[in-house]
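Coordinate analysis (summary)
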Amino acid sequence: MRAPAGTLAASRRRRFDIWDALIRFVLIVASLACLLPLVHVASKSFSSDAFVIANKVYLWPKGFTIEAYKKIFADVSILRSFYISVLVTVLFTLLGMIITICAAYPLSRPQLKGRKALTFLFLFTMYFSGGIIPDYMLMNNLGLLDTIWSLILPLSFSAYNLLIMKSSMSNSIPVSLEESARIDGAGHFRILWSIVLPLSKPILATLSLFYAVGRWIAYQDALFYIKQNVDLRPLQLKLYYLVIQASESFQLEAAQVQLSNPEVLKASCVIFATVPILCIYPFIQKYFVQGAMLGAVKE
């Protein structure tokens, strides 16, 4: 005997509810896994040294204090390093997006001869690279050491971002739309400026965020390329040296200047360097979600 239609519908509804609850549970766990470590670091940055040393700080500050932040701002070069980081991030993002757009648009057009070979050359660089030593020698030979351009030029182009934008332009910009613009007398620059870029706002915002965040959190290249000109040290490198100095001073009992516990200072440095880039997300979240979902649904 067949089960009544109402029973089958209730069974399907129950199965759907189980999967819906499971999906929600997984999403909540993933969200907490991303959020709780940041909350823990923020709590340590506002806690006193004694509680942090005793490992009694978890998700809420104990012995609330802002001494670690006072010590960060006590260094007058912090604001200069912050300005350098902002300047480098803005220039790096603008230059990276200009290069990526100028490379992705022609590679996305089917009339470009040899575009598959050119795409392969860009893809090849994602798997094979010279390494740190050849990069340093190149910067030295070009005379870019201890200059702001050593922080902007080397990483201003990303083959990964290029392939993402190329795929986006190929899938979202119909060839018929370009042909109609050509009939009206539009050239490549006109089509790029008036048609392609306005229709590519989600992917432009997404890749701009990738470039900006990647440059903001990087400090290893500055550690290699900025040695003598300390005024060009970005914020992340400055905070790195500050943590190292705190660790050394904390280990020396006879030090004249006592700094905060390195763990507290490290936590406050993480929060201080993270908050500025987090402030960008609310303004481009809409475009970021659209760009991340680009190409996920085919109609």
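Quick summary incoming for the structure in this document. Everything numeric here is computed off the predicted structure, so don't read it as measured data.

All right, on to the overall build of the protein chain then. When you go through the protein chain residue by residue, the secondary structure sums to 14 helices and zero strands. Listing each helix as α and each strand as β along the protein chain from the N terminus yields α-α-α-α-α-α-α-α-α-α-α-α-α-α. Every one of the 299 residues in the protein chain was classed for burial, and the buried ones make up 33%. Sequence-distant contacts in the protein chain: of pairs separated by 6 or more residues, those separated by 24 or more amount to 69%.

This part takes up the pattern of salt bridges. Scanning all chains against the criterion turns up four salt bridges. Between Asp-231 and Arg-80 there is a salt bridge; the shortest N-O distance is 3.3 Å. Of this pair, Asp-231 sits in the loop between α11 (220-225) and α12 (235-251) while Arg-80 sits in helix α4 (residues 77-108), placing them 151 residues apart in sequence. Taking the shortest distance from any N to any O, the salt bridge between Asp-221 and Arg-215 comes out at 2.7 Å. Asp-221 gets classed as buried once you look at its relative accessible area, which sits at 12%. Accessibility expressed as a relative area gives 5% for Arg-215, which makes it buried.

On to the nonpolar core, then. In terms of nonpolar packing, the biggest core is built from 21 residues, with Met-165 and Val-196 touching the most fellow members. Listing elements by their share of this core, those giving two or more residues are α4, α7 (159-172), α9 (188-199) and α10 (201-217). Ranked by residue count, the leading element in this core is α4, at seven residues. The residues contacting Met-165, other than those within four sequence positions of it, are Met-97, Thr-100, Ile-101, Ala-104, Ile-203, Leu-204 and Leu-207. Counting twelve residues, the second largest nonpolar core, distinct from the first, contains Ile-78, Val-243, Cys-269 and Phe-272.

Tallied over the full model, the rule gives ten aromatic pairs. A network of ring pairs unites the aromatic residues Phe-46, Phe-64 and Tyr-69 as a single cluster. Over the ring of Phe-92 we find Arg-215; its NZ or CZ atom is 5.9 Å from the centre of that ring.

Another point: unusual backbone geometry. Of note in the backbone geometry, Asp-146 takes a positive phi value of approximately 60° without being a glycine. Inspection of the secondary structure assignment puts Asp-146 in the loop between α6 (132-141) and α7.

Attention now goes to the environment of Ser-268. The residue Ser-268 is located in helix α13 (residues 262-278) in this model. Sequence-wise, Ser-268 and Val-41 are 227 residues apart; in three dimensions their C-alpha atoms are separated by 7.7 Å. Other than its neighbours up to four places away in sequence, Ser-268 contacts Ser-45, Ala-68, Tyr-69 and Ile-72.

For the rest of this paragraph, the subject is the packing of helix α5 (residues 115-124) against α7. Relative to each other, α5 and α7 sit at 145°, their axes nearing to 9 Å. Within the contact between the two elements, α5 uses Arg-115, Thr-119, Phe-122 and Leu-123 and α7 uses Ala-159, Leu-162, Leu-163 and Lys-166. Of the residues contributing to the contact of α5 with α7, the split by class is five nonpolar, one polar and two charged.

Further remarks concern the environment of Ala-104. Checked against the element boundaries, Ala-104 lands in helix α4. Along the primary structure Ala-104 and Leu-162 are separated by 58 residues, whereas in three dimensions their C-alpha atoms are 5.8 Å apart.

So, about the environment of Ser-167. Along the polypeptide, Ser-167 turns up in helix α7. When its relative accessible area of 36% is taken as the criterion, Ser-167 is described as partly exposed. A C-alpha to C-alpha distance of 9.8 Å links Ser-167 and Tyr-105, two positions 62 residues apart in sequence. There is a polar contact of 3.0 Å between the side chain of Ser-167 and the backbone oxygen of Leu-163.

Before going further, it helps to examine a nonpolar patch on the surface. Where nonpolar side chains cluster on the molecular surface, the patch consists of Leu-118, Phe-120, Leu-121, Phe-124, Met-126, Tyr-127, Phe-128, Tyr-160 and Phe-210 and spans about 990 Å² of accessible area. A total of four residues in the nonpolar patch trace back to one element, the largest contributor, which is α5. Mapping Tyr-127 onto the fold places it in the loop between α5 and α6.

Examined against the element boundaries, Ser-45 turns out to sit in helix α1 (residues 5-45). Note on Ser-45: relative accessible area 1%, which makes it buried. Within the structure, Ser-45 has its side chain in polar contact with the side chain of Tyr-69 (distance 2.8 Å). Excluding residues within four positions of it along the chain, Ser-45 makes contact with Thr-65, Ala-68, Tyr-69, Val-264, Ala-267, Ser-268 and Ile-271.

Another aspect to go through is helix α3 (residues 67-74). Turning to α3, its buried residues are Ala-68, Tyr-69 and Ile-72. In a view along the axis of α3, the buried residues occupy a sector of 95°, so they form one face of it.

Cut-offs applied
- Residues numbered from 1 in each chain as written.
- Predicted model: local features only at pLDDT ≥ 70, side-chain atom pairs only at ≥ 80, totals over all residues.
- Heavy atoms only, no water.
- Helix = DSSP H or I, 4+ residues; strand = E, 2+ residues; numbered from the N terminus.
- Buried < 20%, exposed > 50% of the residue type's maximum accessible area, 1.4 Å probe, protein only.
- Contact = heavy atoms within 4.5 Å.
- Salt bridge = Lys/Arg side-chain N within 4 Å of Asp/Glu carboxyl O.
- Core = buried A, V, L, I, M, F, W, Y, C linked by side-chain atoms within 4.5 Å.
- Phe/Tyr/Trp six-rings, centres within 6.5 Å; stacked < 30°, edge-to-face > 60°.
- Lys NZ or Arg CZ within 6 Å of the ring centre and 35° of its normal.
- Axes fitted to C-alpha atoms, helices over the stretch in contact; angles between N-to-C directions.
- Nonpolar A, V, L, I, M, F, W, Y, C, P; charged D, E, K, R; others polar.
- Polar contact = N/O pair within 3.5 Å; in protein donor to acceptor, adjacent residues only side chain to side chain.
- Patch = residues over 30% accessible without salt bridge, like charges linked within 9 Å, V, L, I, M, F, W, Y side chains within 5 Å.
- Areas by Shrake-Rupley, 256 points an atom, 1.4 Å probe, with all protein chains shown as cover.
- Arc of directions from axis to C-beta.

All we've got here are geometric facts, nothing functional implied.
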